[in-house]
Every structure is written in C-alpha cells, then in structure tokens.
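# Observations on the three-dimensional arrangement
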Amino acid sequence: MADIDTSSTAEIGSDYDYVVVGGGTSGLVVASRLTEDENVRVLVLEAGANRLNDPKITVQGIVTATYHDPDYDWCITTEPQVGLNNRKLAQPLGKTLGGSSAINLGMIIYPSKSGFDSWEKLGNPGWGWDTIESYLRKFHTFTEPQEKLKKEFMLDYLNGAHGTDGPIQISYGSEEGFPPFSQAWPRAWAAATKPIDGDPIAGKSIGAFNNAATLHPTTLERSHAGNSYFSDKVAQRPNLRVITEAFVEKIQVTPQTGGSNALRATGVTFVGKDGQRRQISAKREVILAAGAVKSPQLLELSGIGNKDLLAKNGINCLLDNPNVGENLQDHGFVPFSWEVADPMLSGDQMRNPSVAEAAMGAYQAKAGPLSINAFASAYFPVQDQDLKPVSVRQLLSDLGQADIEPQVLREQICAPGECSAQFTLAPFQLNAFPGEKTSHIFGLGEDGFYASIVAVLNHPFSRGSVHIKSADPRSPPVYDPRAMTHPLDLELHARHVLLLEKIRETSPLRELFKEDGRRLHNDGKKVETLDQAKEAVKNRYTPHYHPCGTAAMKPRESGGVVDSKLKVYGVDGLRVVDASVFPLIPRGNIQSSVYAVAERAADLIKAGE
C-alpha cells in the first residue's frame, strides 16, 4: 500500500453514501463489506496514522511497545478506582489504522453460546447464538496446526466449524519457538481437573487449551483489520476512501420532518492532517465505529446524551438519553508471577538487547519466539481450593445476592458448567502494581526470570461510565470502570485468584518453576486464604483492555442507546457498530466478538434494516 497516501485529503468528495467514524476493528469490517457493492460509496475517517508496515504492529511479540505511546494509543487512564484501593489504571486503546486489532496481544478466544443467548433475552432479537455463530466463522480463515503441535498441545479438541475464507488469518504460527509452558499447560489442568471437553468456537467448552492467534500462517505477521479488511485489493476500490490522521470532532445532527424521528445525522466535521476543518455529508448513514470510549464521547459532543451533563459542558442537548456512556464493562485480570527454574524458559530474556536482536533475526527466518503466540488459556466454572465445582446459586444465597440484577446475567452464571473464569498463561513477568504505567506492567523490570498465570473474571456485575469533561473534542473523557465495586465481583474473582497457586504447583507446570523461587505478588508470599486473595485482587487487578457496553443495545427504557438494528434511538441515519453496543461483555478476549458483531452490522445495513 506504499503508493497510497491515506492521510491525504486531496480530491475528497463532499458527500458519501456512508461515513464511517473509526478505521479500526469494526469500522474497516463494515466499510469493506459495504463497498463490495460498487454502487455504494464509503468514506472512513481514522484519527490515527497508517502504520501498516511498522514492526511494532506487524510483529505481535513486541506490541506492548506501542502502549501509552500517542503515535499508537489514545493513552487513557482511569479515575481512581474505589474498589481497588484507589489505584489509577492504564487503558490502552488503538489509535492507528486497524484500531485495537493492530495493538492487542493477538489471542483468538471465542465467546460462549450462553453469553449471546443472554443478549437476545435482554430484548435483542436476532442476536442469539444461533445467529451469531456463523459470523464467528465469517471473519476469519483458520489454518490447522502442524501435526507436531497437535500432539504437543493436545489439540485433538479442534473439531469445530472454523472459518475457511474470511479476511483475518488465524493460525499457530511457526512450528518452533514455543516455550515448554505451552506443553505443560493443558496437561497440568487435565491432571488437576479434566481435559478440555470441546472446541471453544462451538460456544461450549470447559478446560485448558492453547489458543490460536491472529498470525498469518506464512508471513507470520499480525493479521488485523488494517491489513486484512483493508487489504491492497480492497484499497484499490474506487468507491472506498480511507483517510487517516483525520480527527472527527462532531456528528452533524439536524432536525427533520417526515422521518421516523425528529432528528437526522447528516454528516460529520473533521480536521485532516493538513489542519483544515471540513464537513462531509452522509447521504444514507453516519456509522460510529470509534470504540467503547470514543463513540460515546462523540455522541455527547454531538448533543446526544444526558441533558444535565451536556449543559454542564456548554453543549446544546439535541436528544436527552442518560444511557449514553453508561454500562461500561471490562474483564479484569489478576496476574501472579513466579521465578522459573531455568532462565531460558522466560520471555524476560527479551530485556537483554542481544537476545532481542537474535529473536528478531530468527523471526526474519520465520522461527523463534516472535514467530508464535505463546499465550495459553482455560475456561472453568467457579471452583473451590480443591478444584471442585461450586454451586454459584448457593454461593449467591450465602452472600445475600440471590436476587442480584440483571436477572439475565444472574441466571447465566448460575447455569451448570457456566465458566465464570478464564485463566491465561503468560511466559514472562507482569508487574500490575500500581498499574498506571504500562511500561511498568509489561516492562520486565524486576530482576530475575519469571512466568505468570492470570485469573480473569468473565462476567462482571460492576458497571462504570465514560463521559466528556469538556466541549473540547481533543480533551480525553472521564473514564471510570468502577472495577470491583459490586461485591459479588470481588467474591468471585478472589475465588479464581485463589486457584493460581494451586495450578502452578501441579505437574508438569510445577517442574518449570524454581523450587522456593521468588514471587512478584503478595509481597513475595503465597496466597492461601480468601481474604489474601481479595487483597491480591484489589492490588493487582489490571484492565484486560476489553472495554465495551457504553452505547448498549437494549430497549431504551432498560438502558439502551441503540436498538437491535444498532440504530441510535431518536436519530435517523446514525448507527453504532463497535464494542460499545455490547449489552453484556462476552466471555474471554472480545476481539472475535467485535469482528462478528461488525460482520452482522454490515449485513443489517446492506439489507436496509
């Protein structure tokens, strides 16, 4: 794509059929699909730069270097979190062509059947598992792992229906370069509980697995929305224009007569790289795809939101909807890190410049630790310290939470076999405290060599918010996830965390850690009680960088901002297609769900719904 200067505004049209705000994970999906019809003209405006050839993006293993760098990241920091001992936390968000799919850790983790069925139960017809599962295949092409890896990683569970012709490439990368932890992970869980009982893409599975990643099977480069949905071939379409370094300040919303609603979105105002402010008209729709932080911010800047908040910031309220910016959800992970038996087992070796140089050299030869994705995962229900299932319904009763709302989520987590926890193996150290600087979290700064296991809360009940604090569109919003403020979240997450020491001590993982080696958590002491686990959650909880829910797809009276067609209530010609529409956060890393939702959104738009 070297011959296309995507930051140029030369010969930009004054109007397009659709104007897409955000050239990230969801925006490029929708734009690519809509322009399959040569008669449909689409403009995509992306605030970040085109860095498709940047090694920090193409080489998945060094991507944390992009975090908190304004060339790649919006550099958001939370408000002090009252549920986490008032810690402030870093929240990376992709600000580049491809969005967060260009700077995430690349893991492909699939949601649950029950999770999407809960979306439908909330009043969203057409969003249950029976509909969404085909879209989880549509976005990708899966390359089967090599026979050697199938045996080493116990991958015989990979019998589900995977994608065969979608733009995003999913694979296990190179055959060589995986650490011994990758083999030990599924075996330790199988010894402690049982082997995984199904392919996660089928929406029902309990157990540990080595997940594939967004790695191209031959080039071993990151496959993301920027280089896959906006491929060289797609970029040549005369009916698609993508402009990077284009900062959208406002959606133009005007009164109308004769429409379904009294208001209509007619276009956007943006500032290009040249500094010139322009207005572009959308003949059919403005499509918001700026993500769960920037989309609600842009709605509020455009006069759509809580009238009192808008008035406080000097913005004329065109549509009063206090649900905008509410319902913020994220998974939180709590990492424990232990010293390894052999320093060569740890990714902490990468802080040595000569090792990093050698790894990059190996990558050029399509080998070594940068040619694979070394994370591994597991899904499990709530368990006690002996790894025996716990009745969630009884636990809720014991905690005085038997009638907890929302009811749909309560019933979901109480269902037998519902996995409240995700566990992830990361073969390097993670320093989560205090949490405000990603350079500390991922910087490998502690002496020694470590590997980490993290616990993730799949279905949080805590709800936060993101709101403007100024009428200045360049002023960052107030981002407050209010993590762990719901008492049930702390109870559940602490029980997950309590299992981390248990699985670390299970063979064959145990042999990979140094006997009596150093711990980077809990002041170096083993976490053995529920109270200790709760303190570990408060001190080491880190956002999983999966923000969603802030323009929720629900009935308006139940907290909704968009309807089941993703149309903004009260405004014609305005739709939201990113993770902000998620009414409930799905289990696991949300990348696959964002792609699937965007694919479905494109179909809804093409069908005129």
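Analysis parameters
Residues numbered from 1 in each chain as written. Predicted model: local features only at pLDDT ≥ 70, side-chain atom pairs only at ≥ 80, totals over all residues. Heavy atoms only, no water. Helix = DSSP H or I, 4+ residues; strand = E, 2+ residues; numbered from the N terminus. Rg over C-alpha atoms; globule rule 2.2 N^0.38 Å. Contact = heavy atoms within 4.5 Å. Areas by Shrake-Rupley, 256 points an atom, 1.4 Å probe, with all protein chains shown as cover. Lys, Arg positive; Asp, Glu negative; His and termini not counted. Charge placed at Lys NZ, Arg CZ, Asp CG, Glu CD. Buried < 20%, exposed > 50% of the residue type's maximum accessible area, 1.4 Å probe, protein only. Axes fitted to C-alpha atoms, helices over the stretch in contact; angles between N-to-C directions. Parallel < 35°, antiparallel > 145°, perpendicular 65-115°, else oblique. Nonpolar A, V, L, I, M, F, W, Y, C, P; charged D, E, K, R; others polar. Disulfide = S-S within 2.5 Å. Pairing = 2+ DSSP bridges. Polar contact = N/O pair within 3.5 Å; in protein donor to acceptor, adjacent residues only side chain to side chain.

## Considerations on the overall build of the protein
Of the regular secondary structure elements, the protein holds 18 helices and 22 strands. Its C-alpha atoms give the protein a radius of gyration of 23 Å, near enough to 25 Å, the size a compact globule of 609 residues would have. Counting only C-alpha atoms and orienting by the principal axes, one finds that the protein spans roughly 70 × 60 × 40 Å. Sequence-distant contacts in the protein: of pairs separated by 6 or more residues, those separated by 24 or more amount to 76%. Working note: accessible area of the protein is about 21900 Å², and carbon and sulfur atoms make up 47% of it. With 61 positive and 72 negative side-chain charges, the protein shows a separation of 2 Å between the mean positions of the two kinds.

## As for helix α9 (residues 291-301)
With respect to burial, α9 is a largely interior element, 11 of its 11 residues being buried. For α9, every residue scored as buried is listed here: Gly291, Ala292, Val293, Lys294, Ser295, Pro296, Gln297, Leu298, Leu299, Glu300 and Leu301. Just downstream of α9 lies Gly303, where phi reads positive at about 90°.

## Examining the environment of Gly48
Mapped onto the elements, Gly48 comes out in the loop between β2 (42-46) and α2 (55-58). Residue Gly48 is classed as buried on the basis of its relative accessible area, which comes to 3%. Distance in space between the C-alpha atoms of Gly48 and Gly23 is 8.4 Å, their sequence separation being 25 residues. Residues within four places of Gly48 in sequence aside, it is in contact with Lys95, Thr96, Thr244 and Glu245.

## Observations concerning the packing of helix α4 (residues 129-138) against helix α18 (residues 591-606)
Between α4 and α18, the shortest axis-to-axis distance is 8 Å and the interhelical angle comes to 105°. Classified by the angle their axes make, α4 and α18 are roughly perpendicular. Here Thr131, Ile132, Tyr135, Leu136 and Lys138 of α4 lie close against α18, whose contacting residues are Ser592, Ser593, Ala596, Glu599, Arg600 and Asp603. Each residue belonging to the contact of α4 with α18 can be placed in one class, and the counts come to 4 nonpolar, 3 polar and 4 charged.

## Quick look at the state of the cysteines
Within the structure shown, the criterion is met by 0 disulfides. Of all cysteine sulfurs, the one in Cys419 lies closest to Cys414, which takes part in no disulfide; the gap is 14 Å. Residue classification places Cys414 among the buried residues on the basis of a relative accessible area of 11%.

## Describing the pairing of strand β11 (residues 277-288)
Note that strand β1 (residues 15-21) and β11 share 6 bridges and pair parallel. Across the sheet, the residue bridging to Val19 is Val286, located in β11. In the sheet, strand β10 (residues 263-271) pairs with β11 via 5 bridges, with the strands oriented antiparallel. Bridge pairing in β11 links Val268 to Ile280.

## A short note on the side chain of Asn431
For Asn431, the position within the fold is in the loop between β16 (421-426) and α14 (438-441). A relative accessible area of 6% means that Asn431 is categorised as buried. Among the polar contacts made by the side chain of Asn431, one reaches the side chain of Gln429 at a distance of 2.7 Å.

## Describing helix α15 (residues 487-497)
Within α15, 10 of the 11 residues are buried, which leaves it mostly tucked inside the rest of the structure. Buried within α15 we find Leu488, Asp489, Leu490, Glu491, Leu492, His493, Ala494, Arg495, His496 and Val497.

Purely geometric stuff here, so don't read any function into it on its own.
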